Amino acid sequence: MEDNITVKKLIVGTISLLCAIIFFGGFAKDIFGGIFDFGKLTGQFPEWFKTSGGTSAKGGFIFALSLIPSVMLALGFVAIFEHYGALAAASKWLSPILKPVMGIPGSCSISLIASTQSTDAGSSTTKFLRNEGKITYKELLIFAAFQFSAGALLTNFLSSFAPLLLVSDKAGTTAPVSIAMCLGIIFVFKIVGANLMRLYVKKFVKDDEVEV
């Protein structure tokens, strides 16, 4: 009976994990007006703030306030996905991949996906994992190094008009570089950065050391 309950929880958790990946990964941004997409629900940076030239301390304060809804929404949905076993399923299915590649557990996968769209969602959900004891302090440092470099790579890359730039060689011939290749290179170097932190953590951070 216990095995059947475990299998049932794993199935429900896997479905919840897939929903989390779709929600935070931007795969449903064009479905039903984007109501199942994290990026669409949180909205873009306010146009009124852009046009008002908000660069002062007041503008910075207003910008900080604009981050609150996205952080609250991310934490709320992660709590829902955790309730339905998404984090447990992620740990089961993705730990064999993330552990060798970066030294972090599979439960980080939802935060990893969220961080590709929003640095705020990535950092807040990572803090949630740490507070819930899902990751250790060493894993927190490694995962933070991954998120810090090229944060929100999908959002920033696609919104910076980088895909419109042409890459040419010395002869002036346009190189056949795709958006997927550019994003892939960025992602690979994020993993490299995480592994550099992994080496540092292994050498200098003690197992019983806690964050300050």
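Whatever comes next refers back to the structure up there.
The notes below deal with the structure included here. Bear in mind the structure is a predicted one, so any value in this text is a computation, not a measurement.

Parameters and conventions
- Residues numbered from 1 in each chain as written.
- Predicted model: local features only at pLDDT ≥ 70, side-chain atom pairs only at ≥ 80, totals over all residues.
- Heavy atoms only, no water.
- Salt bridge = Lys/Arg side-chain N within 4 Å of Asp/Glu carboxyl O.
- Helix = DSSP H or I, 4+ residues; strand = E, 2+ residues; numbered from the N terminus.
- Buried < 20%, exposed > 50% of the residue type's maximum accessible area, 1.4 Å probe, protein only.
- Expected span 1.5 Å × (residues − 1).
- Phe/Tyr/Trp six-rings, centres within 6.5 Å; stacked < 30°, edge-to-face > 60°.
- Lys NZ or Arg CZ within 6 Å of the ring centre and 35° of its normal.

**Topic: the pattern of salt bridges**
Under the defined criterion, the tally for this structure stands at two salt bridges. Residue Glu82 is joined to Lys134 by a salt bridge in which the shortest nitrogen-to-oxygen separation is 3.5 Å. Note that Glu82 is positioned in helix α4 (residues 57-83) and Lys134 in the loop between α7 (119-131) and α8 (137-148), a separation of 52 residues in sequence. Note on Glu82: relative accessible area 25%, which makes it partly exposed. Residue classification places Lys134 among the partly exposed residues on the basis of a relative accessible area of 36%.

**Focus on helix α5 (residues 86-102)**
Here α5 contains 17 residues, and its C-alpha end-to-end distance of 20 Å is more than 12% below the 24 Å for a straight helix at 1.5 Å per residue. Of the residues making up α5, those classed as buried are Ala86, Leu87, Ala89, Ala90, Ser95, Leu98 and Met102. Backbone geometry just downstream of α5 places Gly103 in the positive-phi region, at approximately 80°.

**Comments concerning the environment of Ile179**
Within the secondary structure, Ile179 sits in helix α10 (residues 179-204). A sequence separation of 21 residues divides Ile179 from Leu158, and the C-alpha atoms of the two residues are 8.9 Å apart.

**Points about the packing of aromatic side chains**
For the coordinates displayed, the defined rule picks out eight aromatic pairs. With a centroid separation of 6.2 Å and 65° between ring planes, the pair formed by Phe24 and Phe81 is classed as edge-to-face. One end of the pair, Phe24, is in helix α1 (residues 2-25); the other, Phe81, is in helix α4, and 57 residues separate them in sequence. Through a chain of ring-to-ring contacts, the aromatic side chains of Phe23, Phe24, Phe77 and Phe81 assemble into a single cluster. When the ring centre of Phe146 is taken as origin, the NZ or CZ atom of Lys190, which lies over that ring, is 4.5 Å away. One residue, Lys203, lies across the ring of Phe204, its end atom 5.7 Å from the ring centre.

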